[in-house]
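Here's the letter readout for the chains.
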4 protein chains.
Amino acid sequence: MEDQLETGVADGAEERTAPRKRQARGERRIAEIVAAAARVLAAQGYEKTTTNAIAAEAGISPGSLYQYFRNKDEIAAELATTYAAGLRSAHDAAFDLTDVARLTAEETVDRVIDPILAFNVANPGFKALHARPDMPPGLVAATQPIHDALRGRVIGLLETRFPERSSVELHLAAQLMIQVVQAAMPTITAADPGERPVIITEVKRMLSAYVRELAVR
Amino acid sequence: MEDQLETGVADGAEERTAPRKRQARGERRIAEIVAAAARVLAAQGYEKTTTNAIAAEAGISPGSLYQYFRNKDEIAAELATTYAAGLRSAHDAAFDLTDVARLTAEETVDRVIDPILAFNVANPGFKALHARPDMPPGLVAATQPIHDALRGRVIGLLETRFPERSSVELHLAAQLMIQVVQAAMPTITAADPGERPVIITEVKRMLSAYVRELAVR
Amino acid sequence: MEDQLETGVADGAEERTAPRKRQARGERRIAEIVAAAARVLAAQGYEKTTTNAIAAEAGISPGSLYQYFRNKDEIAAELATTYAAGLRSAHDAAFDLTDVARLTAEETVDRVIDPILAFNVANPGFKALHARPDMPPGLVAATQPIHDALRGRVIGLLETRFPERSSVELHLAAQLMIQVVQAAMPTITAADPGERPVIITEVKRMLSAYVRELAVR
Amino acid sequence: MEDQLETGVADGAEERTAPRKRQARGERRIAEIVAAAARVLAAQGYEKTTTNAIAAEAGISPGSLYQYFRNKDEIAAELATTYAAGLRSAHDAAFDLTDVARLTAEETVDRVIDPILAFNVANPGFKALHARPDMPPGLVAATQPIHDALRGRVIGLLETRFPERSSVELHLAAQLMIQVVQAAMPTITAADPGERPVIITEVKRMLSAYVRELAVR
DNA sequence: CATGAATGAGGGTTCATTCAT
DNA sequence: GATGAATGAACCCTCATTCAT
């Protein structure tokens with residue numbers, strides 16, 4: 001899954017000059033650092049994650065970090081961007097809007113939730129980046145794209161499913177649905193793997209009920 | 001315990017009041033410190049809250065903090081206890097289990113949520129104390145009572161309303177409902193006060209739908 | 001043995017006015033504080049002994065300490081003085097210079113050492129007051145009387161026993177003998193009580209050999 | 001270990017020296033810090049020695065200390081190790097067990113004491129590291145090797161000289177002899193350099209007498 | 001570019017001492 | 001006098017960041 005972190009990033013800008021290689025190397029380094037940050041973040045949480053620990057995990061010197069990032073928050077921001085991309089492509093794989101109108105509430109919910117769940121489980125550092133009261137402003141800004149991308153997807157799905165509902169309504173609904181999943185995530189990941197389906201089912205029940213309510217509102 | 005301090009000093013009326021006054025002063029100080037901590041916590045979040053900042057906010061010296069608390073976590077723990085009590089009494093005012101069985105889903109949800117919402121709005125430091133992956137163990141322990149108390153209330157209400165549901169089911173349902181509210185709280189408090197009712201309504205819709213689903217499951 | 005701490009201090013100045021009682025109370029307080037200090041010192045060592053701990057042990061408030069002593073060192077100084085007196089009277093009981101000239105080396109050594117050993121064992125706080133490189137100057141000065149008193153006694157004994165030896169020689173010899181005992185004290189007190197006699201015997205052997213050497217020098 | 005750091009970097013000569021230089025710099029820094037610690041320790045004693053003072057004395061920042069040592073005790077431990085090595089080699093220079101059996105008591109004593117005396121005079125920080133009741137456990141452990149090494153030497157010498165004595169006896173004798181020297185050290189170093197020989201002679205007399213007693217016991 | 005030693009402002013906490021009551 | 005809350009400088013240590021090599 002850490003591999004994913006590099007996917008979709010370094011391709012597309014294949015120039016053929018000397019700087020290119022350096023550029024490529026730089027991007028690889030950035031990816032390595034970000035992957036290291038993800039690992040440390042997953043293990044320690046945001047506040048207890050030190051830049052030295054990230055550097056050590058990435059196998060480079062502390063000083064080198066600052067060749068690529070101006071400060072700690074910027075690393076987190078880059079990781080957030082990476083996560084946004086990863087989540088986007090995870091959703092891409094599952095999303096197919098062609099027959100959304102015919103989906104049951106349960107199916108709709110599955111389409112929204114399952115990729116999020118899978119992504120959270122596969123990327124344990126993800127949760128350390130969630131909006132929290134004491135997040136530094138820079139990180140808040142950096143985290144925004146993730147949420148925007150995610151919400152955009154869900155809004156798109158809801159719009160297709162409920163064309164009669166207002167944009168504001170769906171915006172709010174999408175946000176709320178996502179928040180519910182994220183709120184339940186710690187409980188899910190902390191639970192015994194065998195117990196997780198029970199919790200997930202409960203979350204889905206709530207969301208399905210909500211989607212149904214949205215239909216008849 | 002406090003009484004004991006006064007016992008055995010049978011002579012002199014001022015001997016009886018002096019300790020009480022000091023006692024009272026001590027409790028007032030503790031309350032002041034905790035209130036100051038709540039303010040700083042609300043503004044800065046847990047990790048960025050320094051003991052010096054709490055002391056300054058409370059108008060005392062750093063050393064004085066430690067006359068009343070052994071360390072930073074203990075201050076947070078005391079605040080958590082205070083919040084637990086506040087939340088309990090907020091719920092007490094709203095809770096009346098006598099006719100719960102006749103409640104509609106909407107009414108049930110209101111009973112659960114409204115006190116929580118009001119409490120969160122009134123106590124902006126509350127959110128800084130929520131369980132997070134990188135919380136110090138002492139704070140985790142200190143925060144537990146709040147969650148337990150809250151969940152206990154909600155479980156009690158659900159049990160009365162849905163006697164046919166299993167304890168495990170209701171336990172999970174209660175936890176999930178609370179998580180939803182807490183997850184939506186940042187959005188609510190961050191929103192323009194005029195916009196809040198819309199968001200709150202949406203949250204309640206989701207929960208009401210869930211409660212209804214719980215009834216017919 | 002703590003009783004001893006009060007002995008020989010408060011008597012001799014028995015005035016009969018109002019201040020007298022207060023004076024007496026003050027001296028009793030001082031004695032209590034000093035005794036408390038001795039206990040804490042014995043348990044914690046000099047550096048780890050806090051004035052608050054002494055106050056608590058004495059059953060008074062920190063502020064009250066400073067009614068009787070200007071600072072921490074002064075308490076230690078007073079304890080040192082008390083110890084000097086105690087040691088003096090301990091020696092008084094054992095010393096009888098009338099027939100010293102006829103004493104064997106072993107007997108001479110016993111006379112010097114036994115009271116010191118007994119005193120050290122009985123007053124576990126004594127060792128915390130010994131001259132050490134990091135002692136505050138005030139305490140150094142305060143400790144001096146103990147050593148002077150002790151050395152004075154031993155010099156007196158040696159002078160009687162070895163009238164032919166120069167004062168400088170005996171001064172040095174006395175100091176050295178005392179140092180040896182003090183140096184061995186931690187080993188003795190730390191040892192299993194059953195093992196102590198073996199160590200003590202060894203110390204005495206060394207000193208006896210030295211005293212004999214002093215005779216034939 | 002150090003070698004390993006250089007292995008696997010087969011290209012480039014500067015690649016081979018750079019680590020060595022850095023390594024060397026690190027070891028020099030450690031030595032500087034330890035030397036600074038010795039100076040501060042000599043002047044202030046263990047408890048009053050602050051890490052900031054050591055850093056200042058070493059001409060570095062407080063934080064830099066912790067690049068090389070995990071905490072204050074570890075610095076002391078390193079100094080203790082250094083002292084142990086220094087003392088060992090000081091003894092090595094003076095020790096030659098081949099003809100110990102023929103040594104007079106005086107010569108035996110000289111062999112034991114002279115290196116210790118010289119070492120103490122040359123290393124004024126040494127005394128601050130001696131076992132005391134209130135020493136932090138880490139320092140106790142760190143100091144142990146010094147004493148063990150020293151005692152081992154003396155025991156070895158005594159065993160060669162007095163093969164008929166039991167191991168327990170010699171163990172005790174060695175410890176006592178060392179304690180005597182250490183106990184007399186403050187007096188010696190504090191004394192006017194011109195006066196020192198007199199004191200030293202006296203100490204040696206006592207120990208010689210003891211060694212003689214050991215022979216005829 | 002890479003290194004990793006160096007920095008130094010704070011962080012939480014302690015404690016001898018003071019002072020209002 | 002007695003109290004104990006209050007003080008605040010200082011302690012040990014951390015870590016994001018910089019800089020000489």
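What you see is a predicted model; the values in this text were computed from it and never measured.

Let us now look at the interface of chain B and chain A. Counting residues at the interface gives 34 residues for chain B and 32 residues for chain A. When chain B packs against chain A, the two sides together hide about 2600 Å² of surface, and 70% of this comes from carbon and sulfur. One can count 4 salt bridges joining chain B with chain A. The salt bridge partner of Glu202(A) is Arg217(B), with a shortest N-O separation of 2.9 Å. Along the contact surface separating chain B from chain A lie 6 residue pairs in polar contact (both at pLDDT 80 or more). If you list the elements that add at least two residues to the side of chain B that touches chain A, you get helix H8 (167-190) and helix H9 (196-216) of chain B. The leading source of residues in the side of chain B that touches chain A is H9(B), at 12 residues. Along the lines of polarity and charge, the residues of the side of chain B that touches chain A split into 18 nonpolar, 5 polar and 11 charged.

On to the UniProt feature "DNA-binding region" (unreviewed entry) in chain A, then. The UniProt entry lists residues 50-69 of chain A under the feature "DNA-binding region" (unreviewed entry), expressed in the numbering used here. Within residues 50-69 of chain A, the helical portion is 75% and the strand portion 0%, while the C-alpha atoms at the span's ends are 14 Å from each other.

What follows deals with the environment of Glu74(D). Residues and elements named next belong to chain D. For Glu74, the position within the fold is in helix H5 (residues 72-94). For Glu74, a relative accessible area of 28% corresponds to the partly exposed category. In the structure, Glu74 is positioned 19 residues away from Ala55 in sequence and 14 Å away in space, judged by C-alpha atoms. Residue contacts for Glu74: discarding those within four places in its chain leaves Tyr68 and Phe69.

In this section: the UniProt feature "domain: HTH tetR-type" (unreviewed entry) in chain A. UniProt annotation of "domain: HTH tetR-type" (unreviewed entry) refers to residues 27-87 of chain A when read in the numbering used here. Between the end C-alpha atoms of residues 27-87 of chain A there is a gap of 20 Å, over a span that is 80% helix and 0% strand.

Turning to the relation of the copies chain B and chain A, a few remarks are in order. Mapping chain B onto chain A calls for a rotation angle of 177 degrees and an axial translation of 0.2 Å; the resulting RMSD is 0.5 Å. Taken together, the turn and the small shift mark the pair as related by a two-fold rotation axis. Most of the interface of chain B is mirrored in chain A, where 94% of its interface residues again form contacts.

Residues and elements named next belong to chain B. Interaxial distance between helix H6 (residues 105-122) and helix H7 (residues 137-161) falls to 11 Å at its minimum, and their mutual angle equals 170 degrees. For the element pair H6 / H7, the angle class is roughly antiparallel. Along the contact surface, H6 presents Ala105, Thr108, Arg111, Val112 and Ile116, while H7 presents Leu150, Val154, Leu157 and Arg161. The residue inventory of the contact of H6 with H7, partitioned by class, reads 6 nonpolar, 1 polar and 2 charged.

With an RMSD of 0.6 Å, chain C superimposes on chain D once it is rotated by 177 degrees and translated 0.1 Å along the axis. When the interface residues of chain C are mapped onto chain D, 94% of them again lie at the interface, so the same face is used by both copies.

The subject of this paragraph is the interface of chain C and chain D. Taken together, the contact between chain C and chain D spans 33 residues of the former and 32 residues of the latter. Summed over both sides, the interface between chain C and chain D buries roughly 2600 Å², with carbon and sulfur atoms accounting for 70% of that surface. Viewed at the interface, chain D and chain C are joined by 4 salt bridges. Across the chain C-chain D interface, the total number found is 6 residue pairs in polar contact (both at pLDDT 80 or more). Broken down by secondary-structure element, the contributors of at least two residues to the side of chain C that touches chain D are helix H7 (167-190) and helix H8 (196-216) of chain C.

Considering all chains together, one arrives at 12 aromatic pairs over all chains under this definition. Judged by centre distance (5.6 Å) and plane angle (85 degrees), the rings of Tyr83(B) and Phe119(B) are edge-to-face. In this pair, Tyr83(B) sits in helix H5 (residues 72-94) while Phe119(B) sits in helix H6, placing the two residues 36 residues apart along the sequence. Look at Phe119(B) and you get buried, because its relative accessible area is 8%. Between Tyr83(D) and Phe126(D), the ring centres sit 5.3 Å apart and the planes meet at 75 degrees, which makes this aromatic pair edge-to-face. On the criterion of sequence distance, the pair formed by Tyr83(D) in helix H5 and Phe126(D) in the loop between helix H6 (105-122) and helix H7 (137-161) is long-range, its members being 43 residues apart.

What counts as what
Residues numbered from 1 in each chain as written. Chains lettered and ligands numbered in written order. Predicted model: local features only at pLDDT ≥ 70, side-chain atom pairs only at ≥ 80, totals over all residues. Heavy atoms only, no water. Contact = heavy atoms within 4.5 Å. Buried area = accessible area lost by both parts, 1.4 Å probe. Salt bridge = Lys/Arg side-chain N within 4 Å of Asp/Glu carboxyl O. Polar contact = N/O pair within 3.5 Å; in protein donor to acceptor, adjacent residues only side chain to side chain. Helix = DSSP H or I, 4+ residues; strand = E, 2+ residues; numbered from the N terminus. Nonpolar A, V, L, I, M, F, W, Y, C, P; charged D, E, K, R; others polar. UniProt positions renumbered as here; feature names shortened; annotations may be inferred. Buried < 20%, exposed > 50% of the residue type's maximum accessible area, 1.4 Å probe, protein only. Least-squares fit on C-alpha atoms with pLDDT ≥ 70 in both. Axes fitted to C-alpha atoms, helices over the stretch in contact; angles between N-to-C directions. Parallel < 35°, antiparallel > 145°, perpendicular 65-115°, else oblique. Phe/Tyr/Trp six-rings, centres within 6.5 Å; stacked < 30°, edge-to-face > 60°.

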